[in-house]
Structure formats: C-alpha cells, structure tokens
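So you can see what is in the structure, the chains are spelled out below.
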Amino acid sequence: MNFDELCSEVATLTRRPDLINTRITAAVKAAILKAHQSDFFYRDLREVSIEFTTPAYIQNFDPAALIPKYRKAKYIRQWNGDADGAGGLVYEAVQIEHLFDGYGDERVNVFYQAGKVLQIKSATPVDKILFGCYILPSLDSDDADFSWIATAFPYAIVYDAARVVFRGIGLAQEANDFDRLTAEQYINLKMSNVDDLPNT
C-alpha cells in the first residue's frame, strides 16, 4: 500500500475518517518508522563509496552527514576505486572498549563509533572505502526508498497505527486488540527479513 492507502485503511478500521489529516497521518508515519527500527533488515542496507582527500592510517567520517536517513553502520571495507566496485579488506567493527588486544597493543583494521563519527584504524593508508549501512525509509510513497514494509507487510503498519489512534481517543480495549494483531504481523515480518546484527 502507498501512504494514502495506509491512512485510508486506518480510518476505515477506526471509523474515524475525521482524523485522517491529523492523528492518523502521524500514527502511520510513526508506525512505519517503528517497524523499520524494530530490527535490522537486509532490505534496509545501502552501500556507498566514500573517498577521503588524502590516504591515511586513521580516517573518520560522519555517516549521518553523508547518507540521508542513516541509521546504523553494518560494515566498512577497503575499495580500490574501480568501476566494478571490487573491494578489499573488510574492517572489523569493535566497541571502543575493545580497541586494545590482550597484550595492550592498539588493534588495526578496525572501525568504531566515536560520538557521531566512525573512526577507521588501518594497517595501511586508506583513501577509499565502501560503507554499508542501514537507512530509515522515506515516508513519501513516490520516493524509491519508500517503506518496503508498507508495501510487503502493510498490516504491520495499519494495525499499529490503528492501535495508536484507538489509544489516543480513549478506546483501550480496541487498542489492546490491535496490539495483539500488530504483534502477529511483526512475527511474519521478522521471519524472513532480518539480517545479522551489526557489531557496532
């Protein structure tokens, strides 16, 4: 379903078409974002090439500044810059607490989150990388990055939005009923679309 169809379905289920331009629209937007943030889905992965101005052993970048709707890093790998996208070494994602090995030496060929930037520590100078990350969906039906969940699992969105509307208008029993329906839809969604968890 596209965005307008989702809103219309929620209005039908809640019998509140008068709320379609206010509460229902907000509830559908929130339900779409909630569904995508409920796990890490392989269909939310994007890969982009990043080139630094000069080669260095340590590089960093702010992924949110480079990638619209950035959510979380999945991987970083070296790239030689050729057209076929052939990559090299895949950097290991580590937590900052594990930057040193058992001998107290600083690890290399790793990346980690430091505030809003990702830091890369390489054994060789690097100036080009391929960066894989999860992104949030567009809420515009005409956008190529519109929610694939809204298209493939529309009732995960519709039922959750209806739950929010019912709760907002004081119908707790109906909200609870739709909470159970939403949970069933999430099970279907996660059975076939979850990716391995990112390490960062």
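Residues numbered from 1 in each chain as written. Predicted model: local features only at pLDDT ≥ 70, side-chain atom pairs only at ≥ 80, totals over all residues. Heavy atoms only, no water.

Points about the packing of aromatic side chains
Then step 1. In this structure the tally under the stated criterion is 8 aromatic pairs.
Then step 2. Centroid distance F40 to Y134: 5.0 Å. Interplanar angle 55°. Geometry classified as tilted. Taken together, the positions of F40 in the loop between α2 (20–37) and β1 (45–61) and Y134 in strand β5 (residues 117–135) put the pair 94 residues apart, joining distant regions of the chain.
Then step 3. With relative accessibility at 15%, the residue F40 sits in the buried group.
Then step 4. One aromatic cluster is present, built from ring pairs that chain together F52, F61, Y70 and F131. (Phe/Tyr/Trp six-rings, centres within 6.5 Å; stacked < 30°, edge-to-face > 60°. Helix = DSSP H or I, 4+ residues; strand = E, 2+ residues; numbered from the N terminus. Buried < 20%, exposed > 50% of the residue type's maximum accessible area, 1.4 Å probe, protein only.)

Quick notes on unusual backbone geometry
Excluding glycine, most residues fall at negative phi; most peptide bonds, likewise, are trans.
Then step 1. Despite not being glycine, R15 has its phi angle at roughly 55°, a positive value.
Then step 2. On the secondary structure map, R15 appears in the loop between α1 (3–14) and α2.
Then step 3. Phi angles above zero are rare outside glycine, and N109 is one such case at about 60°.
Then step 4. Relative to the elements of secondary structure, N109 occurs in the loop between β3 (87–93) and β4 (110–114).

Remarks on the packing of α1 against α2
Then step 1. Where α1 meets α2, the closest approach of the two axes is 9 Å, and the angle between their N-to-C directions is 115°. By crossing handedness, the relation of α1 to α2 is classed as right-handed. Residues F3, L6, C7, S8, V10, A11 and T14 of α1 form the contact with α2, whose participating residues are I20, I24, T25, V28, K29 and I32. (Axes fitted to C-alpha atoms, helices over the stretch in contact; angles between N-to-C directions. Left-handed = near helix turned anticlockwise from the far one by under 90°. Contact = heavy atoms within 4.5 Å.)

So, the pattern of salt bridges
Then step 1. All chains considered together, the criterion is met by 11 salt bridges.
Then step 2. Where K116 meets D62, a salt bridge forms, and the shortest distance between an N and an O atom there is 3.9 Å. Taken as a pair, K116 in the loop between β4 and β5 and D62 in the loop between β1 and α3 (63–66) lie far apart in primary sequence, 54 residues in all.
Then step 3. A network of salt bridges, in which partner residues are shared, links K34, D160 and R163. (Salt bridge = Lys/Arg side-chain N within 4 Å of Asp/Glu carboxyl O.)

Things to note about the confidence of the model for the protein
Then step 1. Residues with a pLDDT of 70 or more make up 95% of the protein, whose mean pLDDT is 92.
Then step 2. The least confident element of the protein is β3, whose mean pLDDT is 88; the most confident is helix α5 (residues 154–168), at 97. (pLDDT = per-residue confidence, 0-100.)

Quick word on α2
Then step 1. Taking 1.5 Å per residue, 18 residues should reach 26 Å; α2 reaches 24 Å between its end C-alpha atoms and fits that length.
Then step 2. For α2, the full list of buried residues reads I24, T25, A27, V28, A31, I32, A35 and H36. Mapping the buried residues of α2 onto a view down its axis gives an arc of 165°, with all of them on the same face.
Then step 3. Buried residues along α2 sit in contact with α1, β2 (70–79), α4 (148–152), α5 and α6 (172–193). (Expected span 1.5 Å × (residues − 1). Arc of directions from axis to C-beta.)

A word on a negative patch on the surface
Then step 1. A surface patch of negative charge is lined by D4, E5, D140 and D142.
Then step 2. The exposure class of D4 is exposed, given its relative accessible area of 59%. (Patch = residues over 30% accessible without salt bridge, like charges linked within 9 Å, V, L, I, M, F, W, Y side chains within 5 Å. Areas by Shrake-Rupley, 256 points an atom, 1.4 Å probe, with all protein chains shown as cover. Lys, Arg positive; Asp, Glu negative; His and termini not counted. Charge placed at Lys NZ, Arg CZ, Asp CG, Glu CD.)

Here we look at the packing of α2 against α5
Then step 1. Packing of α2 against α5 leaves a shortest axis separation of 8 Å and a crossing angle of 130°. Put simply, α2 runs oblique to α5. α2 and α5 meet at a crossing whose hand is right-handed. Across the interface between the two elements, R23, I24, A27, V28, A31, I32, K34 and A35 of α2 pack against I157, D160, A161, R163, V164, V165 and G168 of α5.
Then step 2. Within the contact of α2 with α5, the residues separate by chemical class into 10 nonpolar, 1 polar and 4 charged. (Parallel < 35°, antiparallel > 145°, perpendicular 65-115°, else oblique. Nonpolar A, V, L, I, M, F, W, Y, C, P; charged D, E, K, R; others polar.)

So, the nonpolar core
Side chains of a nonpolar character, in soluble globular proteins, are inclined to be buried together.
Then step 1. Formed by 30 residues in total, the largest nonpolar core has its most connected members in L6, V10, I24, V28, I32, I149 and I157.
Then step 2. Elements represented by at least two residues in this core include exactly α1, α2, α4, α5 and α6.
Then step 3. Take this core: its biggest share by element is 8 residues, from α5.
Then step 4. In this structure L6 touches M1, V28, I32, F146, A150, P154, I157 and V158, once residues within four positions along its chain are discounted. (Core = buried A, V, L, I, M, F, W, Y, C linked by side-chain atoms within 4.5 Å.)

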